[in-house]
Amino acid sequence: MRKSISLVMAALIAASALVGCGSSTPATESTKAAQETTAAGAEGEKKEAVEAPADAKDVDVLNVAFVPSREPDEIVTATEPLKEMIKKEMAPLGYNIKDVNITVGTSYEAVGEGLAAGTIDIGFIPGGTYVLYDQDAEVLLTATRDGLSIDSDSAKDWNDQKPTEAVEKQVTFYRALIIAGPSDNGKAVAEKVNNGEELTWEDLDGLNWGVMGPTSSAGYIYPALWIQKNFGKNITDLAHAVECDSYGTAFARLAQGQIDVLCTYADARRDYVEKWNAEYAMPNSIWDDTNVIGVTEGIYNDTISGSRVSDVMMDEDFKAAFKQAMINIGSTEEGKEIISIYSHKGYVEANDADYNSARDAQNLIKELRLGQN
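Residues numbered from 1 in each chain as written. Predicted model: local features only at pLDDT ≥ 70, side-chain atom pairs only at ≥ 80, totals over all residues. Heavy atoms only, no water.

Undergrad: Before we move on, can you summarise the overall build of the chain with the specific residues and values?
TA: When you go through the chain residue by residue, the secondary structure sums to 17 helices and 16 strands. Put simply, the chain has 373 residues, and 54% of those count as buried. Partitioning the intrachain contacts of the chain with sequence separation of at least 6 by distance along the chain shows that 78% fall at a separation of at least 24. Only carbon and sulfur atoms are counted for the fraction: they give 47% of the accessible area of the chain, which is about 15800 Å². (Helix = DSSP H or I, 4+ residues; strand = E, 2+ residues; numbered from the N terminus. Buried < 20%, exposed > 50% of the residue type's maximum accessible area, 1.4 Å probe, protein only. Contact = heavy atoms within 4.5 Å. Areas by Shrake-Rupley, 256 points an atom, 1.4 Å probe, with all protein chains shown as cover.)

Spelled out as structure tokens, the structure:
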């Protein structure tokens, strides 16, 4: 794990940092724009067929890739209808797309590299991945998601008030949680938290950790910041940490006791309620078997980003049309069902400055890594 992290951090040194902290104003203005397009999207949904204008531009293939934050097969199946929806929405906007190719990257970084190489036109990637590749990728849209019934800095609050439920209020941020499982070590550290005791570095270092790739916001970057802020240590200082290829793999390992804790997004347990029992063969509910031991600060939502070098995305009009198409799709019930695979509820226009906090996070991780060498 440390070797792969070192390679990624070396790449981070070359990444440019932009100025200032992101303002919430762009997101607010974009939300209004998204609301204004809802009616148009719903009207388009009623039409059985939409023909492209006579002067529409032909696009042979649009390559779209998703990061593996869920099981790849599950993502491929869930997003299959998106192919025809993109074609349908893009047609009246002046683009006749003959084929939409949807794939799931082998890692978060693989999707970023594809965008940088131009072999991927559109990537559904988290903010942490975007800022690492922002010289070669351009953020187009930010996802909105349901707020949660719990939004506290205190891990004990998440345990006292569980299960976590969705609320109607839409938000453009989420938190990462460090979740302890049913292993003896997991139960012991959770008991300390629930008794109001302070965790020590020795507590954390004695656990088997499950983390995601080094550009995963919820699965690595923000938990690393939490460790640095609370214990003055680097995540790479942990004696026992394994990189998981997906959250599904991480939860399976947590259930089996192969890892004691995992780093994940705040509503992840809601996504694995059924699998916890059906696939992982656990007799208790996921809420009974798991507890939160750490809570990060807010993370700006996932992006839809476009390659700066692919032939398709060099067309500024195409980018504008695609953004409108995805806002329209996210405004329909069918579209919401598809994008729910990532807990997305819709999309608003993105502003690059919104991800300056993610840049700050990446820079701190880089500094910590350099300081260790």
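Undergrad: Explain the pairing of strand S6 (residues 137–148) to me, using residue names and the numbers behind them.
TA: Extensive coverage of S6 is indicated by the burial of nine of its twelve residues. Where S6 and strand S15 (residues 303–307) come together, five bridges link them in antiparallel fashion. When the sheet's bridge partners are listed, Val139 is paired in S15 with Ser305. Here four bridges tie S6 to strand S16 (residues 346–349), and the two strands are oriented antiparallel to one another. The residue of S16 that forms the bridge with Thr144 is Gly346. (Pairing = 2+ DSSP bridges.)

Undergrad: So what about the layout of surface pockets? Which residues, and what values?
TA: Empty space within the largest pocket amounts to approximately 560 Å³. If you go around the largest pocket, you meet 23 residues; those closest to its centre are Asp153, Trp226, Asn230, Ile293 and Val295. Only helix H7 (155–160), helix H10 (217–231) and strand S13 (291–295) provide two or more residues apiece to the lining of the largest pocket. Among the elements that take part in the lining of the largest pocket, H10 stands out by supplying seven residues, more than any other. For the lining of the largest pocket, the residue count by class is ten nonpolar, six polar and seven charged. (1 Å grid on protein atoms, 1.4 Å probe; cavity = no way out; pocket = protein on both sides within 12 Å on 5 of 7 lines; lining within 4 Å. Points joined across faces, edges and corners; volume = space filled by probe spheres on them. Nonpolar A, V, L, I, M, F, W, Y, C, P; charged D, E, K, R; others polar.)

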